[in-house]
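These are the residues of each chain, in order.
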Amino acid sequence: MEKRKILVTRPQLPPLNEFIPLLADIWESRWLTNNGKYHQEFEKALAAYLGVPYVCLFANGTLALMAALQCLHIKGEVITTPYSFVASTHALWWNGIKPVFVDIEPGFCNLDPKRIEAAITPETTAILPVHVYGNPCEVDAIQNLADIYGLKVIYDAAHAFGVRQNGSSILNFGDLSIVSFHATKVFNTIEGGAIICHDQKTKRRIDYLKNFGIANETTVVAPGINAKMNELQAAYGLLQLKYFDTVIDARQHITNKYREGLKHIAGIRVLEEMETVDHNYAYFPIFIDVLEFGHSRDDVFEALKKENIFGRRYFYPLISEFPTYRGLASAKNLDIAHEISRQVICLPLYPDLPDEVVDTILSLLRNMAQIQKKKVSVKVLRQSHRK
Ligand SMILES: *Cc1c(COP(=O)(O)O)cnc(C)c1O
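From a predicted model like this one, the values you see are computed outputs, not experimental measurements.

## Here we look at the nonpolar core
- With 79 residues, the main nonpolar core has Tyr83, Tyr133 and Phe181 as its most contacted residues.
- For this core, the element with the most residues is helix 8 (residues 231-242), which contributes 6 residues.
- Domain assignment of the residues forming this core places at least three in each of domain 1 (16-242) and domain 2 (244-386).

In structure tokens, the structure reads:
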């Protein structure tokens, strides 16, 4: 039998037998989209679950990000990170905004607040940080700069669904946050996303924007777009929410297993757990120091592939290295992001990932480390012979 491919993630689906009655109900009602009953129910359920004031559902995270920028009339230049999924910067481009890349801090790979100030110009209107791998940015430092310079803050929180800091949702920071419910994310509605906002008026405006700007039968109040989530996905999302806590538990179990197994391997760094944070265990990135480990990140990537295990180099290349953006002045001198993007590989992590696969990955990495040790000791032997 052919060995099953192990990919970096595998989407979690709700039980089919629970989805079918909801589908039957939708078939019966013939209400498929446009703020139907499941859409309304899902928005409320999400707000309650996450502990946020208002949720505006979207067809996907990218459209949510584009609408968030529209909602706040962001123009000119926006400071952002090169170390993210490319949609973070594309959303700026589609709004005619110039992205200005600022380097990351090495601890958690998030936008470095200490470097933001130097990138601010009279054209700067906002900061677009990303909670990379679901680890919260330094939100207080970022807000402080935004307050001083009169900038808006929009968080790309595509990875941060369910993450809490000091008991409160990380989605409550900034002017707006966006999440993604894409199939590969920790919480999925197949495709989907949302904007989190703090007040009713902003929610109303966002709801206009995602529906062509239509306020009522005869009034269009803004040049909106079509970015609505449909009823099938909202119903599916309601079921997903029911099981999300068990998904997190399963992810935590695998994460702990990786952490424990990698503890004593020289040259492999993992991200620390943040003490004040309830993590969502969305990703498990490891960072390979080629000199210490004796093999490069790409060696690890290839070695896993031979076992039919497919890690992902999130995030390599950097956004600032793609042809669209590499000409920008700010695409240079991103040394930390550059180095980290050459060290990183995300290991497979999803709720039903078998323990045996984790063990296979761990012993493969341990073996690679052993080979390195032998190489080093052979070198040392040879050198001592020469003396
Ligand atoms: C997935 C992702 C997006 C885009 O979300 P979609 O729902 O796929 O459009 C944006 N930013 C980051 C950081 C992401 O990981």
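## Observations concerning the packing of helix 1 (residues 16-29) against helix 8
- It is the contact of helix 1 with helix 8, at a shortest axis distance of 10 Å, that shows an interaxial angle of 150°. With respect to each other, helix 1 and helix 8 are oriented roughly antiparallel. Viewed along their axes, helix 1 and helix 8 form a crossing whose handedness is right-handed. Listed contacts from helix 8 to Glu18, Phe19, Leu22, Leu23, Ile26 and Trp27 of helix 1 are Glu231, Leu232, Ala235, Tyr236, Leu239 and Lys242.
- Looking at the contact of helix 1 with helix 8 residue by residue, the class counts come to 9 nonpolar, no polar and 3 charged.

## Looking at the packing of helix 3 (residues 61-71) against helix 7 (residues 200-209)
- Running from N to C, helix 3 and helix 7 point in directions that differ by 120°, and their axes come no closer than 10 Å. Between helix 3 and helix 7, the interaxial angle falls into the category oblique. Between helix 3 and helix 7 the crossing geometry is right-handed. Where helix 3 abuts helix 7, its residues Ala67, Gln70 and Cys71 lie against Thr202, Arg205, Ile206 and Leu209.
- Among the residues making up the contact of helix 3 with helix 7, the classes are represented as 4 nonpolar, 2 polar and 1 charged.

## A closer look at helix 2 (residues 37-50)
- For helix 2, spanning 14 residues, the distance from its first C-alpha to its last is 20 Å, which sits close to the expected 20 Å at 1.5 Å a residue.
- Considered for burial, the residues of helix 2 that qualify are Tyr38, His39, Phe42, Glu43, Leu46, Ala47 and Leu50. For helix 2, the angular spread of the buried residues around the axis is 165°, confining them to a single face. In helix 2, the exposed positions angled more than 90 degrees off the buried face are occupied by Lys44 and Ala48.
- The inward-facing, buried residues of helix 2 contact helix 1, strand 1 (54-58), strand 7 (168-169), helix 7 and helix 8.
- At the C-terminal side of helix 2, glycine 51 shows a positive phi close to 75°.

## A look at unusual backbone geometry
- Residue tyrosine 314 is joined to phenylalanine 315 through a cis peptide bond whose omega torsion reads 10°.
- Along the chain, the position of phenylalanine 315 falls in the loop between helix 11 (297-306) and helix 12 (335-343).
- Across the junction of tyrosine 316 and proline 317, the peptide omega takes the value -10°, indicating a cis bond.

## Things to note about the UniProt feature "transmembrane region" (unreviewed entry) in the protein chain
- UniProt marks residues 46-69 with the feature "transmembrane region" (unreviewed entry), using the numbering shown here.
- Strand forms 21% of residues 46-69 and helix 58%; the C-alpha atoms that close the span are 22 Å apart.

Definitions and limits used
- What you see as residue numbers is a count from 1 along each chain, following the sequence as written.
- Where totals are concerned, whole chains, interfaces and linings use all residues; where local detail is concerned, this predicted model gives features only for residues with pLDDT of at least 70, and gives and counts side-chain atom pairs only at 80 or more.
- Excluding hydrogens and water, the side-chain values take into account all heavy atoms of the structure.
- Here the nonpolar core consists of buried residues drawn from Ala, Val, Leu, Ile, Met, Phe, Trp, Tyr and Cys, with membership extended through side-chain atoms lying within 4.5 Å.
- Under the scheme applied here, a residue whose accessible area is under 20% of the maximum for its type counts as buried, over 50% as exposed, and between as partly exposed, the area being computed with a 1.4 Å probe on protein chains only.
- Helix numbering and strand numbering both begin at the N terminus, where a helix is a DSSP run of H or I of at least 4 residues and a strand a DSSP run of E of at least 2.
- Domain start and stop points were drawn from an automatic or database domain assignment.
- Only C-alpha atoms enter the line fits that serve as axes; for helices the fit covers just the stretch in contact. Angles between N-to-C directions range over 0 to 180 degrees.
- Orientation labels follow simple angle bins: below 35 degrees gives roughly parallel, above 145 gives roughly antiparallel, 65 to 115 gives roughly perpendicular, and whatever is left gives oblique.
- Crossing handedness is read from the near helix: turned anticlockwise from the far helix by less than a right angle, it gives a left-handed crossing, and turned clockwise, a right-handed one.
- By the convention used here, residues are in contact when the closest approach between their heavy atoms is within 4.5 Å.
- Each residue gets one of three labels, nonpolar for Ala, Val, Leu, Ile, Met, Phe, Trp, Tyr, Cys and Pro, charged for Asp, Glu, Lys and Arg, and polar for the others, Gly among them.
- Here, expected helix span is obtained from the residue count minus one, scaled by 1.5 Å.
- As used here, the arc belongs to the directions running from the helix axis to the C-beta atoms.
- UniProt positions are given in the numbering used here, feature names are shortened, and annotations may be inferred rather than shown by experiment.

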